[in-house]
Structure formats: structure tokens, C-alpha cells
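Now for the letters of each chain:
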Amino acid sequence: ISIDGVRVFQNGDLFDANAEVVVYYHIPEFKFFVSEYKIKEGDTLTIPYYVGDGDDLTDITIKVENEDCLKQDSPYSFCGLKAGNAIVSAYYQDELLAECSVEVDPIPIESIAISDETISVGVGRTLDMPFTISPDNATRTGLEVTSSNPKIAAVELPEGETNTIHIIGMKAGNATITIQSSNKIGVKKKISVVEVLPEQITVTADTNDFYVGANGTLSAKFAPSDVTNQKITWKSSAPKVLKISGDGSYQALAAGE
């Protein structure tokens, strides 16, 4: 404090009522040595700093803006979480002293691989096709999966860190599935969509014995239940005994088998 320019006082000093009083306060001298940093996801970063002679760090606070991409492990140590930009700021109380930017880059994919085995999926079915990326900790953000013919095979890439593609068979045919990273690393895989064939057909009726003059409808059940072509052709070995129509309806005309 100073009164009329005087900063050293003794007990009993008197000043005019209109004397100018000035209150001074000290802001510590603080700065980061570097204003911009670049790290990769998973990397750790320690930011060096300078503090003026006679100053200390007691009331200096370090904060991170955008903690989604940069985690603060200790006041001056940080870890890259995911690709993005963050600002590290130093405050004295509410006064901004210094700041620096940190750019977190993704870990690039170097290769993508799919098994060499033949892959086929039934119409109406979904197949999970695994793939691998290298390095293991590479960033999957920006990974894209496409089908050369979505009307034959549709594809989905589930969210998260699972290296699996959902392939949905739409209709019989062939398609090429492509997996490509944001840095243009990719792999292709030819797959076949095939019709699901019946393994068993069970014909059912209310009874196995009909009286002459009886009529009704037979039904058929497929195994597996998702057989692609479930069109039934009905035929009687003795149409004069049991007449059957295209929809499975029958008429018992005479005694016999």
C-alpha cells in the first residue's frame, strides 16, 4: 500500500484526508516453456514450466479444457485419451497466467487382416466376421466398412472396440466387403450369400385316417425355420383316393391309401 507515494510507515504518521491511497498486489510470474504439444492417444506428457524468483506455486491452479481427449494425472502430467485438441491453462486465483495447446493424434492403423477361409451367409441371416488390426492399440475412429452390392450383402460395423463386422444376407449372390481406415489402409473379402435349404420338412394333419367325403388342409413345417424358399408343391400319389390342391387342401374321394 502507498499513501501519497509513501510505502514505508511509522506508528503515528498522519496524512491529509484527500491523500491518494494505492493498493498493490503481486501476480506470480509463471509461464509454460512450450506453447504447443503433439502427442498420440495413450501417450503421457509432462509440461515444463517457469516460475519467477521468490514466487511459489501455492495459489497457481492448472486446468484442462476438453477432458474428453486429455486426462490430467497430476498438476503438470497428462495422458492422451482420444484424438482431439485441449488447452492447458495456469491460473492465479481467477487470473489467467499462461496456457498451451495439446493436440492428441490417433494411433494410425498399419494393417487390417481377415481370415482366408471361405465365408458364406444364408439369405436372411447375419454372420459375424472378425478382423484384426495392427497395432492392437490403433485408433478405430474413422474405420469404414462397405459392401460392393448392399442388395446382396449389407454390412454393419458395431460401435465400440469389437473388431467384428455384421454381414446380413439379403439375397443369393456374391459381394465384396471392404474394410478401410481413415489413413487408407484397407482389405477386401469376397463373400457368398446362399439360399438356406431345408434339412427336413414335416407334413401334419389333424389325423392320418380320413373318411370318404372328408376335406381339410394339410400343413408343412420346415427345419430350419428360416428356409429361403418355402414354396410348397403338393402332390398325391393316388389322386382318385385323395385329391390335393396347390394350397394343401384335400378331398377324400374313395377308400384307399
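Here's what I pulled together on the structure shown here.

Reading guide: rules and limits
Residues numbered from 1 in each chain as written. Predicted model: local features only at pLDDT ≥ 70, side-chain atom pairs only at ≥ 80, totals over all residues. Heavy atoms only, no water. Helix = DSSP H or I, 4+ residues; strand = E, 2+ residues; numbered from the N terminus. Rg over C-alpha atoms; globule rule 2.2 N^0.38 Å. Buried < 20%, exposed > 50% of the residue type's maximum accessible area, 1.4 Å probe, protein only. Core = buried A, V, L, I, M, F, W, Y, C linked by side-chain atoms within 4.5 Å. Contact = heavy atoms within 4.5 Å. 1 Å grid on protein atoms, 1.4 Å probe; cavity = no way out; pocket = protein on both sides within 12 Å on 5 of 7 lines; lining within 4 Å. Points joined across faces, edges and corners; volume = space filled by probe spheres on them. Nonpolar A, V, L, I, M, F, W, Y, C, P; charged D, E, K, R; others polar. Salt bridge = Lys/Arg side-chain N within 4 Å of Asp/Glu carboxyl O. Pairing = 2+ DSSP bridges. Axes fitted to C-alpha atoms, helices over the stretch in contact; angles between N-to-C directions.

Along the chain, the regular secondary structure elements total 0 helices and 25 strands. Computed over its C-alpha atoms, the radius of gyration of the chain comes to 39 Å, more than 25% above the 18 Å expected for a compact globule of 257 residues. Projecting the C-alpha coordinates of the chain onto the three principal axes gives extents of approximately 135 × 45 × 25 Å. Here the chain, with 257 residues, has 30% of them falling under the buried criterion.

Right, let's get into unusual backbone geometry. Cis geometry marks the peptide bond from Ser-134 to Pro-135; its omega dihedral reads -5°. With respect to the helices and strands, Pro-135 occurs in the loop between strand E15 (132–134) and strand E16 (144–147). A positive phi angle, near 75°, is found at Asn-66, a position not held by glycine. Tracing the backbone through its elements, the reader meets Asn-66 in the loop between strand E7 (60–65) and strand E8 (70–74). According to the relative accessible area criterion, Asn-66 is partly exposed, its value standing at 36%. The phi dihedral of Gln-93 is positive, around 55°, even though this residue is not glycine. Mapped onto the secondary structure, Gln-93 falls in the loop between strand E10 (84–92) and strand E11 (95–105). A relative accessible area of 57% means that Gln-93 is categorised as exposed.

The next point concerns the nonpolar core. Core analysis: the biggest nonpolar cluster contains 24 residues, and Ile-112, Phe-131, Ile-165, Ile-167, Ile-179 and Ile-191 have the highest contact counts within it. Looking at this core, the elements that each hand over two or more residues are strand E13 (119–122), strand E17 (153–156), strand E18 (164–169), strand E19 (173–180) and strand E20 (186–194). For Ile-191, the residues in contact, after removing those within four places along its chain, are Ile-119, Val-121, Ala-153, Ile-167, Gly-173, Asn-174, Ala-175 and Ile-177. Ranked by size, the runner-up nonpolar core spans 20 residues in total, among them Ile-47, Ile-62, Tyr-76 and Ala-90.

Our focus in this paragraph is the layout of surface pockets. The method is simple in principle: a probe with the dimensions of a water molecule rolls over the atoms, and the space it marks as empty is what remains. Roughly 440 Å³ of volume is contained in the largest pocket. Taken together, 21 residues make up the lining of the largest pocket; nearest its centre are Asn-208, Phe-210, Leu-242, Gly-256 and Glu-257. Breaking the lining of the largest pocket down by element, the ones donating at least two residues are strand E21 (200–204) and strand E24 (242–244). A breakdown of the residues in the lining of the largest pocket according to their chemical character gives 12 nonpolar, 6 polar and 3 charged.

With that settled, consider the pattern of salt bridges. Applying the stated criterion across every chain, the model contains 2 salt bridges. Here Asp-73 ties to Lys-71 by a salt bridge, and the two come within 3.8 Å at their closest N and O atoms. Relative accessible area serves as the criterion here: at 43%, Asp-73 is assigned to the partly exposed category. For Lys-71, a relative accessible area of 44% puts it in the partly exposed group.

For the rest of this paragraph, the subject is the sheet that holds E20. The 4 strands are arranged E13-E20-E19-E16 in an open sheet whose pairing can be described as mixed. The strands lining the two open edges of the sheet, one partner per strand, are E13 and E16. On average, each strand axis in the sheet is inclined to that of its neighbour by 30°, with strand direction left out of account. With 4 bridges connecting them, E16 and E19 associate as antiparallel partners. Across the sheet, residue Thr-146 finds its bridge partner in E19, namely Thr-178.

Just distances and angles here, no functional claims.
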